[in-house]
Amino acid sequence: MLRCIQLAKNGLGTTYPNPMVGSVIVHNDNIIGEGWHYKAGHPHAEVNAINSVAKKELLKDATIYVSLEPCSHFGKTPPCADLIIEHQIKNVVIGSTDPNQKVAGRGIEKLKAAGCDIRRPILEAECRELNKRFFTFHTKKRPYILLKWAETRDGFMAPLASKRNQRSPVWITNKRSRQKVHKIRTEEQAILVGTQTVLDDDPSLTARDWHGESPLRIIIDKELKIPEHSAVFNSNAKTIVFTEKPKPSSQLQNFRKIDFSQNVPRQIISDLYDLNIQSVLIEGGGKTLQSFIDIDLWDEAIVFKGNSEFKEGIKAAEFTGTLISEEKSGSDLIERYKNNNL
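Residues numbered from 1 in each chain as written. Predicted model: local features only at pLDDT ≥ 70, side-chain atom pairs only at ≥ 80, totals over all residues. Heavy atoms only, no water.

(A) Main features of the pairing of strand 1 (residues 22-27). Among the six residues that make up strand 1, six are buried, leaving the element largely enclosed by the rest of the structure. Residues Gly22, Val24 and Val26 line one face of strand 1 and the alternating positions Ser23, Ile25 and His27 line the opposite face, and both faces are buried. With six bridges connecting them, strand 1 and strand 2 (residues 30-36) associate as antiparallel partners. What sits directly across from histidine 27, in strand 2, is asparagine 30. Linking strand 1 to strand 2, which pair antiparallel, is a turn of two residues; within it asparagine 28 sits at a positive phi near 50 degrees. Of the strand pairs in this sheet, strand 1 and strand 3 (residues 63-68) are connected by four bridges, and their pairing is antiparallel. What sits directly across from valine 24, in strand 3, is tyrosine 65. (Buried < 20%, exposed > 50% of the residue type's maximum accessible area, 1.4 Å probe, protein only. Helix = DSSP H or I, 4+ residues; strand = E, 2+ residues; numbered from the N terminus. Pairing = 2+ DSSP bridges.)

Structure follows, in structure tokens:
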């Protein structure tokens with residue numbers, strides 16, 4: 001099952017809206033087939049694992065391991081449970097049940113009805129962690145929410161406006177850390193910032209320094225102050241703007257009206273759920289980050305701590321969380337926290 005999880009991680013950032021799944025087929029204690037789900041619309045992990053087996057006659061005496069319950073319904077691809085039954089694989093080991101209502105135990109029941117011996121759950125916590133975005137989306141009816149910011153050694157995330165002399169980012173971290181940020185962007189389905197961040201930094205919010213898909217850009221712009229020539233409106237990715245003013249949408253830009261007198265973060269997250277967005281990376285600025293923290297609407301926080309000092313400026317977001325990992329990135333430190341209240 002650990003190998004299934006390892007294989008599944010190859011699909012991080014490319015399988016949305018599907019989960020990451022890995023599968024291993026074992027015969028007489030030897031692995032004879034492996035596979036993982038590459039991308040939505042492409043064959044699932046079990047299909048790829050079965051197709052990789054050279055001698056198909058061995059399958060009826062083999063055991064198939066899969067990190068998530070095999071699907072039982074027709075989507076863009078046929079049901080994996082049917083394929084397992086077709087190849088007479090009698091032993092099936094499952095990491096965790098699928099929370100999607102279209103599956104949710106039906107795959108297991110179909111396999112049992114066909115005479116398969118089912119063992120589950122195996123390494124369930126690890127399998128659920130693998131698909132924390134998918135599980136959050138289907139069980140909590142919202143995207144998985146990651147906060148991310150960089151702060152100086154003395155706790156500032158941006159200089160004072162009077163210290164800026166141009167519309168561009170003021171870097172706190174080193175080049176290696178900035179590349180890691182782009183890697184993180186390829187792993188999440190959407191990225192969100194507020195108006196001031198776009199006005200100050202003119203970011204493109206794409207994954208330029210890492211191979212992978214750029215996320216869907218989400219912008220909060222109550223009064224539509226952001227100039228049309230801003231980088232967030234280029235053709236490198238699609239953009240959603242949450243505003244109180246009506247404006248026609250286009251193929252690349254979707255303007256969505258919300259009520260700014262009500263809870264803005266919850267309205268946005270509810271709308272993103274309706275749009276089938278499973279994860280969102282909130283990159284700033286300070287006011288936007290704090291608005292999600294203050295109502296406890298976040299799952300993880302990734303804090304990049306640089307080696308410079310500003311002495312004054314905009315203070316970093318204030319939050320309470322459990323440190324789950326830290327790593328050095330040259331002279332920088334990257335800390336990852338989990339929400340205590342989840």
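(B) Fine view of helix 7 (residues 175-187). Relative to the 18 Å expected for 13 residues at 1.5 Å per residue, helix 7 spans 19 Å between its end C-alpha atoms, a close match to the ideal helical length. Looking at helix 7, one finds that the buried residues are Ser177, Val181, His182, Ile184, Arg185, Thr186 and Glu187. The N-cap residue of helix 7 is asparagine 174: its side-chain oxygen and the backbone nitrogen of arginine 176 are 3.1 Å apart. (Expected span 1.5 Å × (residues − 1). Polar contact = N/O pair within 3.5 Å; in protein donor to acceptor, adjacent residues only side chain to side chain.)

(C) Structural context of the sheet that holds strand 4 (residues 91-96). Judged by pairing direction, the sheet is mixed, and its five strands sit side by side in the order 2-1-3-4-5 without closing on themselves. Each having just a single partner strand, strand 2 and strand 5 (117-119) make up the two edges of the open sheet. In this sheet, adjacent strand axes meet at a mean angle of 20 degrees when their direction is disregarded. (Axes fitted to C-alpha atoms, helices over the stretch in contact; angles between N-to-C directions.)

(D) Representation of the domain arrangement of the protein chain within the structure. With domains assigned, the protein chain is organised as domain 1 (1-134) and domain 2 (141-339). The C-alpha-based centres of domain 1 and domain 2 are spaced at 35 Å. In this complex, domain 1 contributes 10 residues to the contact, which on the side of domain 2 involves 11 residues. Between domain 1 and domain 2, the buried area comes to about 960 Å², and carbon and sulfur atoms account for 44% of it. (Domains from an automatic or database assignment. Contact = heavy atoms within 4.5 Å. Buried area = accessible area lost by both parts, 1.4 Å probe.)

(E) Inspection of unusual backbone geometry at higher detail. Put simply, tyrosine 16 and proline 17 share a cis peptide bond, and its omega is 5 degrees. Relative to the helices and strands, proline 17 is located in the loop between helix 1 (2-8) and strand 1. Proline 121 follows arginine 120 through a cis peptide bond whose omega is -15 degrees. Structurally, the position occupied by proline 121 is in the loop between strand 5 and helix 5 (124-130).

(F) Broad picture of the pattern of salt bridges. Counted under the stated rule, the structure contains 17 salt bridges. In this structure, glutamate 223 and lysine 225 form a salt bridge, with 3.8 Å as the shortest nitrogen-oxygen distance. Judged by its relative accessible area of 52%, lysine 225 falls in the exposed class. With a closest N to O distance of 3.1 Å, lysine 305 and glutamate 335 form a salt bridge. Residue lysine 305 is found in strand 13 (residues 300-305), and its partner glutamate 335 is found in strand 16 (residues 332-339); the two are separated by 30 residues along the sequence. For lysine 305, a relative accessible area of 28% translates into the label partly exposed. Judged by its relative accessible area of 8%, glutamate 335 falls in the buried class. What you see here is one network of salt bridges that share partners, running through Glu129, Lys132, Glu300, Arg336 and Lys338. (Salt bridge = Lys/Arg side-chain N within 4 Å of Asp/Glu carboxyl O.)

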